[in-house]
Every structure is written in structure tokens, then in C-alpha cells.
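Overview (structure and organization)
Chain by chain, the residues:
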Amino acid sequence: MKTLSCTENYHGHALSRKRLFIATFGCQMNEYDSQRMAQILQKDYRLTIAPEEADVILINTCSIREKPENKVYSLVGRYRRLKNKRPDLIIGVGGCVAQQEGQRILDRMPYVDLVFGPQAIYRLPKMLRDLSRDKSTRICATPMENDFEIPSPEAPLPNPGTVRTFVTIMQGCDNFCTYCIVPFVRGRETSRPPGAILEEIRQVVSEGVKEVTLLGQNVNSYGKKNVNFPDFAGLLRLADGIDGLRRLRFTTSHPKDLSDALINCFGRLETLCEHLHLPVQSGSSRVLKRMNRHYDRDGYLDKVERLRKACPEISLTTDLIVGFPGESERDFQDTLSLLKIVEYDQIFAFKYSPRPGTRAAEFDDQIEEEEKSRRLAEVLDLQKKIGFKRFKALENTIQEVLIESVDQAGLKGRTRGNHVVHLEGNKNLVGKLIRIRIDRAGNHSLRGSTI
Ligand code: SAH
Ligand code: SF4
Ligand code: F3S
């Protein structure tokens, strides 16, 4: 869970503003949405990191796997006690669990006042006003419009001094991978007009942001439904030309739509960082077919080869699922062997979790929990060695690092390859791009020093 915090930003109404606590689960889409909620409500609410002093608590939920979903319910349950002490407290449940469960959340949890889906966040000011006015009101807002457009932000970022941020370029997903809940809770794929995207990037850059990550469930299919829009490589070229933007990243890329035009952007566009998150999900063509991924093992490996040819220093990361229904030991070994071939810098591996309403949840060859755990442990163990080898290769190299934050342990930043670097130095370096010597590799981060 992440808590959205902020230093005082908005100068009007400082004393009269109420306090808002936002807890965020799930992917970067949700992080972006939480930031937008804080922006939209900035006039009347200031953020707090302490739920016990909040007037409004919003929980932005995720239903991608069973674990985050259960965490959400136990957290909402905890806030019930706060409401017993302060009956005026408004509790809202948003995000993907809200979209999926809707009214059922209100029925199950009488202390929840508001349920709102991802498309309803822009109605929050009005909904919260209505709830404050009449204590007996309860609202369920889970609209799902296919042509929904994200409005442009009217307020600055909630946290001044933000160095890197997200900009959503498309919503929803049409891919229907058989394990995945996203198409059901986020609706059909819709691209945001390029003008709105570029304007938002310009705005955050004018507020001091140096690095922007473009967001979508499948950014490679950006603009495919709109004849007047550029394709994704074209959009990257436009964003690359924005004055003051120093670094550009994007996520997530579906391998089936990774074009040569996009591959060739790496190493050519100045701001585009040499890192690609390319979720493979499985190393077995048989499993990939049952997942409805529309590529096979060889097709994926071929794209990796082309990427490395276009940009030899690119760092690759991936998502994968172990214990998908019917995954045999042989299929699993194919995943392990793919990891050895590709040598990712980092992986995010998950045990398959059946999601209600998805096709794979109905497959009758589900794998035992114990076996999923064994496979997960094996995958992570292998990747630990591979990741360490990749990190070790960076020792004694000079890297450009964007310093993001400072705490008691020192400065923290990232290389263009997205490796976390810790170093000592002056806090004035936050927001600066500096050249760093990498002294030592750890399992998940690097230690460096200024040169
Ligand atoms: N749009 C992205 C993925 C978004 S979900 C893509 O297609 O790559 C993030 C990750 O969660 C997925 O890549 C997948 O590895 C994992 N995931 C999704 N559904 C899952 C499920 N039912 N069980 C386990 N992991 C799942
Ligand atoms: Fe889910 Fe597949 Fe869409 Fe990604 S591409 S969000 S995994 S359905
Ligand atoms: Fe979770 Fe919704 Fe993202 S289900 S992963 S928060 S799109």
C-alpha cells in the first residue's frame, strides 16, 4: 500500500481546508488516479498521512490478484473504528475492486459511504459535497463509458518538488488475456488525444518534473483506433521534443504489438531511457496460447534479440505467472530456461490467482497452491543470481543518475536503465541529473559516488 503525502502546496483556504487521506493499492494507473484525486480535491482538502486525523479517507483498490483484494477489505475494516469515534468521517472505496463489486461493498460494509470506479474520480468534489451535506446519503458510482476522456488537470501536482511522475495515455484493455480482470474493470481500450497528453507533460515539466512515464495497459496499441492520432512511436517522438523534459519511460508494453518503429526509438530518442518492461508471463508457447497472449516463445525471443541489436545496453524487466492452469513441469522448465536466455535485470513473478469471471478461472486443470509456491520460489531463486550478475556488470561504470529523493540513509536515484542507486551527497542534488561512478552492486540496488 502507498500513502499519498504532500507538503503544503495550495495557498488559498489553508485553514479552512479539510483533511484527506488516500491509500493506494495496485499498479501505476492507480497511482496516477490517486494523484488526480488529490489534485481535483485540492481546493477543499489537503492531504494528510495520518488516517486518524482525516475528514475523508479514500482507498484506491486493486483486484488483479486475491492478495491485494483481501488486503483492501482488512484495511477498510480497520477504518471502521475511526468512524465509531468520529461519525462525520467519510469513507470511500475506489478503484478496481469498487468497479467490480459496486453496491455489494455498500451492502457488506455499512460504514462505507461511497463506492466509486476509476471513471468516477472526476465527480468526487460533488459526491463529497453531497455526502457532507446529508449524513444518511450513500453513493455508488461505477460508470463504464467506452468513449470516456480524462479531463486535463486544473491544479498543480499535489507534491511540489516531484521529480518523476506518470501521465496516462490510454485507458482500458481489449486483450482479454484469460487470467486477467483488467478488461472487466477498466473497460475498452481508449487512447487519449495526443494534444491533451503533450499539454499535461508540458504542465508537469513546468512544475519541475524531469522524468515522465507514459501509462497504459498496452501502450504499443496507442492510437490504433483513431485515424488522426500518431502511433505510439510517433507519440514518443512528439514527447521527446518537449523542452525541459529530460527522461521518458513507458509501461506496459504488450510483446505482440512491439513494432520495429518502437524498437528503433531506443538509442535514438534522447530522452527515451534504455529500459523496457516487456511482460512475458510464461516461457512456454503452449501456456502462452492458453493465456491468449498472441505471441509464442520464439516470437518473444526474436523481439528481445532485435531490441538488443538496436540498443545493446537496454535493460529488460518482465512480469510472469507461475502455476497457470495446466502448466506442466515441462512448461515451467521452459519459463526457467527463458529467464536464463534473456537475463532480465528484474522480474515481477506472481502465483496464478483465479479471478472471478475470467476464462482461466473456469479451466479444470488448476494447480495446487503448494506447487505454485514451490515454482515461485524456484523462479525467484534463479532470478536472484541472474539479476545480481546484471547488476555486478555495472560496477565501475559511469552512469547518469536522476536524484529523486533524500532521507537519513542518503540520496536515492535511478540510472537510465532504471536501476536504483544509493549514494551520499547534498540534498540540493534532488531533481538533478548527475554522473555517478557505480562502486558496488547489491541484489536490488547499486551503491555509487559522485565523480
Ligand atoms: N497490461 C499489462 C499487465 C497488467 S497486470 C500487460 O499485459 O503486461 C500486471 C501483471 O499482473 C501481469 O503482467 C501479470 O503478470 C499479473 N497478473 C495479472 N492477472 C493475474 C492473475 N490472475 N494471477 C496472477 N498474476 C496476474
Ligand atoms: Fe490484462 Fe492482458 Fe490487458 Fe495486460 S494485456 S491488462 S494482462 S488483459
Ligand atoms: Fe490492479 Fe486495477 Fe491496476 S486491478 S493492477 S489497479 S488496473
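What counts and how
- Residue positions are given per chain, counting from 1 as you read along its sequence in written order.
- Ligands are numbered from 1 and chains lettered from A, in the order in which they are written.
- Totals for whole chains, interfaces and linings use every residue, but because this is a predicted model, local features are given only for residues with pLDDT of at least 70 and side-chain atom pairs only at 80 or more, for both listing and counting.
- Derived side-chain values reflect all non-hydrogen atoms in the structure, with water molecules and hydrogen atoms excluded from consideration.
- Here is the rule: rings of Phe, Tyr and Trp (six-membered ring for Trp) pair when centre to centre is within 6.5 Å. Planes less than 30 degrees apart are stacked, more than 60 are edge-to-face, and the remainder are tilted.
- Classification of residues uses two cut-offs on accessible area relative to the type maximum, computed with a 1.4 Å probe and protein chains only: under 20% is buried, over 50% is exposed, and between them is partly exposed.
- In our convention, an over-ring charge means Lys NZ or Arg CZ found within 6 Å of a ring centre and within 35 degrees of that ring's normal.
- One requirement defines pairing of two strands: DSSP has to find at least two bridges between them.
- The numbering of helices and of strands both runs from the N terminus, where a helix is a DSSP run of H or I of at least 4 residues and a strand a run of E of at least 2.
- Fitted lines through C-alpha atoms give the axes, limited to the stretch in contact for helices. The angle between two N-to-C directions lies from 0 to 180 degrees.
- Residues are classed as near a molecule or strand on a simple rule: at least one heavy atom within 4 Å of it.
- Throughout this description, a polar contact denotes any pair of N or O atoms lying within 3.5 Å of each other; where both atoms belong to protein, one of them has to be capable of donating a hydrogen while the other can accept it, and for residues adjacent in sequence the pair is counted only when both atoms sit in side chains.
- Here, Shrake-Rupley sampling with a 1.4 Å probe gives the accessible areas, and only protein chains in the shown set may cover a residue.
- Amino acids are sorted into nonpolar (Ala, Val, Leu, Ile, Met, Phe, Trp, Tyr, Cys and Pro), charged (Asp, Glu, Lys and Arg) and polar (every other residue, Gly among them).
- Segmentation into domains, and thus their bounds, comes from an automatic or database assignment.
- The arc in question is the one traced by the directions running from the helix axis out to the C-beta atoms.
- The contact rule is simple, with two residues in contact once any of their heavy atoms fall within 4.5 Å.

Enumeration over the complete set of coordinates arrives at 10 aromatic pairs. With centroids separated by 5.5 Å and ring planes inclined at 80°, the aromatic side chains of Phe-176 and Phe-184 adopt a geometry described as edge-to-face. Summarising the aromatic geometry, the rings of Tyr-295 and Tyr-300 are spaced 6.0 Å apart at their centres and angled 35° between planes, so their arrangement reads as tilted. Like Tyr-295, the residue Tyr-300 is buried in the burial classification. Members of the aromatic cluster, each reached through a chain of ring pairs, are Tyr-179, Phe-324, Tyr-352 and Phe-363. One Lys or Arg, Arg-65, reaches over the ring of Phe-350 and ends 3.6 Å from the middle of that ring.

Next up on the list: the sheet that holds strand β8 (residues 164-168). Across the sheet, three strands lie side by side as β8-β11-β12; this open sheet has parallel pairing. Each edge of the sheet is formed by a strand with only one pairing partner; in this case those strands are β8 and β12 (247-251). Within this sheet the neighbouring strands show an average axis-to-axis angle of 25°, counted without direction. As judged from the five bridges shared by β8 and strand β11 (residues 211-215), these two strands associate in the parallel manner.

Now for the environment of Gly-241. Of note, Gly-241 is situated in the loop between α8 (232-240) and β12. Residue classification places Gly-241 among the exposed residues on the basis of a relative accessible area of 55%.

Moving on to the site of ligand 1. Ligand 1 sits among 15 residues. The nearest are Tyr-179, Gln-217, Gln-281, Asp-319 and Ser-353. At a separation of 2.7 Å, an oxygen atom of ligand 1 approaches a polar side-chain atom of Gln-281. Within the contact set of ligand 1, a nitrogen atom lies 2.8 Å away from a backbone nitrogen or oxygen of Ser-353. For ligand 1, whose unbound accessible area comes to 550 Å², protein coverage reaches 90%. Those elements that provide at least two residues to the shell around ligand 1 are β14 (315-322) and β15 (346-351). Broken down by class, the residue content of the shell around ligand 1 amounts to six nonpolar, four polar and five charged. The residues that make up the shell around ligand 1 include at least three from each of domain 2 (161-273) and domain 3 (278-393).

For helix α5 (residues 124-133), the complete set of buried residues consists of Leu-124, Met-127, Leu-128 and Leu-131. Along the long axis of α5, the arc covered by the buried residues comes to 95°, so they all point the same way. The elements touched by buried residues of α5 are α1 (28-40), β3 (45-47), β4 (56-61), β5 (90-94), β6 (114-116) and β7 (139-141).

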